[in-house]
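Take a look at the letters that make up each chain.
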Amino acid sequence: EDFSCELHINLLPSVRGCRLGTQLVELFLNEVARRKMPGVHATVYEDNEPARWFFERLGFRSLGRRPGFRPPSGQGRMEWKIVYGRKIDR
């Protein structure tokens, strides 16, 4: 309940690094705050280090891990996701 809003963002490689993702997330967080929601969560595959860095840089903190739902890799290893959360200042 503390992180009741879900954020999903996916940008094409051609527009990554242009601060567009940061601007979109900031707009989303402002709207969430305006609606007086307590927090936001986002889920990232554990091996997606650029996405993990992106959310951590924006103040999101790890809330834990859960199994991923991608088809298993050729090595047969389990895929994991990290759930990130950020409380909203109201």
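First, a word on scope: everything that follows refers to the structure included in this document. (Residues numbered from 1 in each chain as written. Predicted model: local features only at pLDDT ≥ 70, side-chain atom pairs only at ≥ 80, totals over all residues. Heavy atoms only, no water.)

**Considerations on helix α2 (residues 49–57)**
Counting along an α-helix, one turn takes 3.6 residues, and residues three or four places apart therefore face a common direction. Residues Ala-51, Phe-54 and Phe-55 constitute the buried set of α2. Relative to the axis of α2, the buried residues are bounded by an arc of 90° and lie together on one face. Turned more than 90 degrees away from the buried face of α2, the exposed residues are Glu-49, Pro-50 and Trp-53. Looking at the packing, one finds that the buried side of α2 touches α1 (20–34), β2 (39–45) and β4 (80–87). (Buried < 20%, exposed > 50% of the residue type's maximum accessible area, 1.4 Å probe, protein only. Helix = DSSP H or I, 4+ residues; strand = E, 2+ residues; numbered from the N terminus. Arc of directions from axis to C-beta. Contact = heavy atoms within 4.5 Å.)

**Some remarks on the sheet that holds β4**
Two pairing modes exist for strands in a sheet, parallel and antiparallel, and in both the strands are linked by backbone hydrogen bonds. The four strands lie next to each other as β1-β2-β4-β3, forming an open sheet whose pairing is mixed. Edge positions in the open sheet fall to β1 (5–6) and β3 (61–67), since each of these has one partner strand only. Pairing geometry for β2 and β4, over seven bridges, is antiparallel. By the bridge assignment for β4, Val-40 is matched with Arg-86. Across the face of the sheet, α2 comes into contact with β2, β3 and β4 while running at roughly 160° to β2. (Pairing = 2+ DSSP bridges. Axes fitted to C-alpha atoms, helices over the stretch in contact; angles between N-to-C directions.)

**Here's the deal with a nonpolar patch on the surface**
A contiguous nonpolar surface patch, about 440 Å² in accessible area, is contributed by Leu-12, Val-15, Leu-20, Leu-24 and Leu-27. Relative to the assigned elements, Leu-12 resides in the loop between β1 and α1. (Patch = residues over 30% accessible without salt bridge, like charges linked within 9 Å, V, L, I, M, F, W, Y side chains within 5 Å. Areas by Shrake-Rupley, 256 points an atom, 1.4 Å probe, with all protein chains shown as cover. Salt bridge = Lys/Arg side-chain N within 4 Å of Asp/Glu carboxyl O.)

**Quick word on the layout of surface pockets**
To find leftover empty space, one rolls a probe the size of a water molecule over the atoms. Taken as a whole, the largest pocket holds about 780 Å³ of empty space. Along the walls of the largest pocket sit 28 residues, with Ile-9, Asn-10, Asn-48, Ala-51 and Phe-54 positioned nearest its centre. Per-element tally for the lining of the largest pocket: the top contributor is α2, with six residues. A breakdown of the residues in the lining of the largest pocket according to their chemical character gives 13 nonpolar, seven polar and eight charged. (1 Å grid on protein atoms, 1.4 Å probe; cavity = no way out; pocket = protein on both sides within 12 Å on 5 of 7 lines; lining within 4 Å. Points joined across faces, edges and corners; volume = space filled by probe spheres on them. Nonpolar A, V, L, I, M, F, W, Y, C, P; charged D, E, K, R; others polar.)

**Details of the packing of aromatic side chains**
In the structure shown here, the tally under the stated rule is three aromatic pairs. Centre to centre, the rings of Phe-54 and Phe-55 are 5.3 Å apart; their planes meet at 80°, and the pair counts as edge-to-face. Neither Phe-54 nor Phe-55 differs from the other in exposure class; each is buried. Seen in terms of ring centroids, Phe-55 and Tyr-84 are 6.3 Å apart; in terms of plane orientation they differ by 20°. Their pairing is stacked. Remark: Tyr-84 occurs in strand β4 and Phe-55 occurs in helix α2; sequence separation between them is 29 residues. Of the two residues examined, Phe-55 and Tyr-84, each falls in the buried class. A connected cluster of aromatic rings, assembled from ring pairs, spans Phe-54, Phe-55, Phe-60 and Tyr-84. Sitting over the face of the ring of Trp-80, Arg-65 holds its NZ or CZ atom 4.3 Å from the ring centroid. (Phe/Tyr/Trp six-rings, centres within 6.5 Å; stacked < 30°, edge-to-face > 60°. Lys NZ or Arg CZ within 6 Å of the ring centre and 35° of its normal.)

Limitation: the analysis is restricted to geometry and does not speak to function.
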